[in-house]
Amino acid sequence: MNTETQMQFILGLRSKGITDARVLKAMESIPREAFLEGTFQPRAYADTPLPIDCGQTISQPSVVAQMTQALDITPRCKVLEIGTGSGYQAAILAKLTRRVYTVERHRPLARIAAKRLAALDLGNVTVITGDGSLGLPEQSPFDRILLTAASEDPPALLLKQLRVGGIMVLPVGQSDMVQTLIKIVKSDNGLEYTELGEVRFVPLLEGVAEDIA
Ligand code: SAH
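Everything numeric in this text was worked out from a predicted model, so none of it was measured. (Residues numbered from 1 in each chain as written. Predicted model: local features only at pLDDT ≥ 70, side-chain atom pairs only at ≥ 80, totals over all residues. Heavy atoms only, no water.)

**Student:** When you look at the pairing of strand 6 (residues 142-147) in this model, what are you seeing that I'm missing?
**Tutor:** For a regular strand, side chains alternate in direction, first toward one face of the sheet and then toward the other. Most of strand 6 is tucked away: six of the six residues are buried. Judged from the four bridges that link them, strand 3 (residues 78-82) and strand 6 form a sheet pairing that is parallel. Within strand 6, the position partnered with Glu 81 by the bridge is Leu 146. Relative to strand 7 (residues 162-172), strand 6 runs parallel, the two sharing four bridges. Bridge assignment links Leu 146 to a residue of strand 7, and that residue is Val 169. (Buried < 20%, exposed > 50% of the residue type's maximum accessible area, 1.4 Å probe, protein only. Helix = DSSP H or I, 4+ residues; strand = E, 2+ residues; numbered from the N terminus. Pairing = 2+ DSSP bridges.)

**Student:** Would you mind going over helix 5 (residues 107-119) with me for this structure?
**Tutor:** Three- or four-residue spacings in an α-helix give side chains the same orientation, since the helix completes a turn every 3.6 residues. With 13 residues, helix 5 ought to run about 18 Å at 1.5 Å a step, and its terminal C-alpha atoms sit 19 Å apart, in line with that. The complete set of buried residues in helix 5 reads Pro 108, Leu 109, Ala 110, Ala 113, Arg 116 and Leu 117. In this structure, the buried residues of helix 5 make contact with helix 4 (88-96), strand 4 (99-104) and strand 5 (125-129). Note on helix 5: the residue one or two positions beyond its end, Asp 121, has a positive phi of about 65 degrees. (Expected span 1.5 Å × (residues − 1). Contact = heavy atoms within 4.5 Å.)

**Student:** Is there a simple way to think about the environment of Val 79 in this case?
**Tutor:** Inspection of the secondary structure assignment puts Val 79 in strand 3. Residue classification places Val 79 among the buried positions, given a relative accessible area of 0%. Residues within four places of Val 79 in sequence aside, it is in contact with Ile 73, Leu 93, Thr 97, Arg 99, Val 100, Tyr 101, Phe 142 and Arg 144.

**Student:** Just to check I follow, could you spell out the sheet that holds strand 7 for this structure?
**Tutor:** In any sheet, the strands associate via hydrogen bonds between backbone groups, in a parallel or an antiparallel arrangement. Here we have seven strands laid out as an open sheet, ordered 5-4-3-6-7-8-9, and mixed in their pairing. In the strand order of this sheet, the two ends are held by strand 5 and strand 9 (190-199), each with one partner. Taken pair by pair, the neighbouring strands of this sheet meet at an average axis angle of 15 degrees, ignoring direction. Taken together, the five bridges between strand 4 and strand 5 define a ladder with parallel strand orientation. Counted as the bridge partner of Tyr 101 is Thr 126 from strand 5. (Axes fitted to C-alpha atoms, helices over the stretch in contact; angles between N-to-C directions.)

**Student:** Whenever I open this one, the pattern of salt bridges confuses me. Can you help?
**Tutor:** Side-chain pairs of opposite charge can arise whenever the charged atoms involved come near each other. Considering all chains together, one arrives at three salt bridges under this definition. In this structure, Asp 47 engages Lys 16 in a salt bridge whose closest nitrogen and oxygen atoms are separated by 2.6 Å. Placement of the pair is Asp 47 in the loop between helix 2 (21-29) and strand 1 (50-51) and Lys 16 in the loop between helix 1 (3-15) and helix 2, with a sequence separation of 31 residues. Measuring nitrogen to oxygen at the nearest pair gives 3.6 Å for the salt bridge that ties Glu 37 to Arg 116. Separated by 79 residues along the polypeptide, Glu 37 in the loop between helix 2 and strand 1 and Arg 116 in helix 5 bring together distant segments of the chain. In this structure Glu 37 comes out as partly exposed when scored by relative accessible area, which is 36%. (Salt bridge = Lys/Arg side-chain N within 4 Å of Asp/Glu carboxyl O.)

What follows is the structure, encoded as structure tokens:
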């Protein structure tokens, strides 16, 4: 992206409450157009969700930034993302920490995302095709867990795979309605919930999708 576009993009994020310098730097360094099909690339830096394959969407940049900021990632964190989609959010996470796992139920999306992440030399992300509502027990516990698809309640299996002291961010609510973005901090005393505002995500569905590859 050119400097002018980049400046406007970052100013826009700042005006929406993104203040964490590391998050802003990560957002500045990842070209969002690389995660879009050609026809949508001209709109890559507008603050809007856009269609991707398999009837899914790439999230709105300010929401990606808001969720990333809420996760409060340190460079030593092991992070799990559920809902790889385009791979854009995973790329931002990969800029902020040493290890990212991301799970997608649509195999074609997982495949393209992995290719895009590799093209950007983000070798610290592993893309897995699977049902993210089950988490990734073999790699758990995680320091941070992010869901980019909405469920009615925080999935119990994912809460179990969150380390004590860890943070989970996810949209909760009925599918096809406005959902609430929540942050959960896990401590020895239990779970502490904070509401972060209204969002709209595609629903978290069970099982791996039967795509015709
Ligand atoms: N984070 C993405 C946007 C995600 S859209 C990005 O940056 O582009 C939500 C994604 O969650 C969709 O691709 C959808 O297929 C996926 N999804 C829904 N339920 C899932 C599940 N149980 N496991 C894994 N992925 C799931």
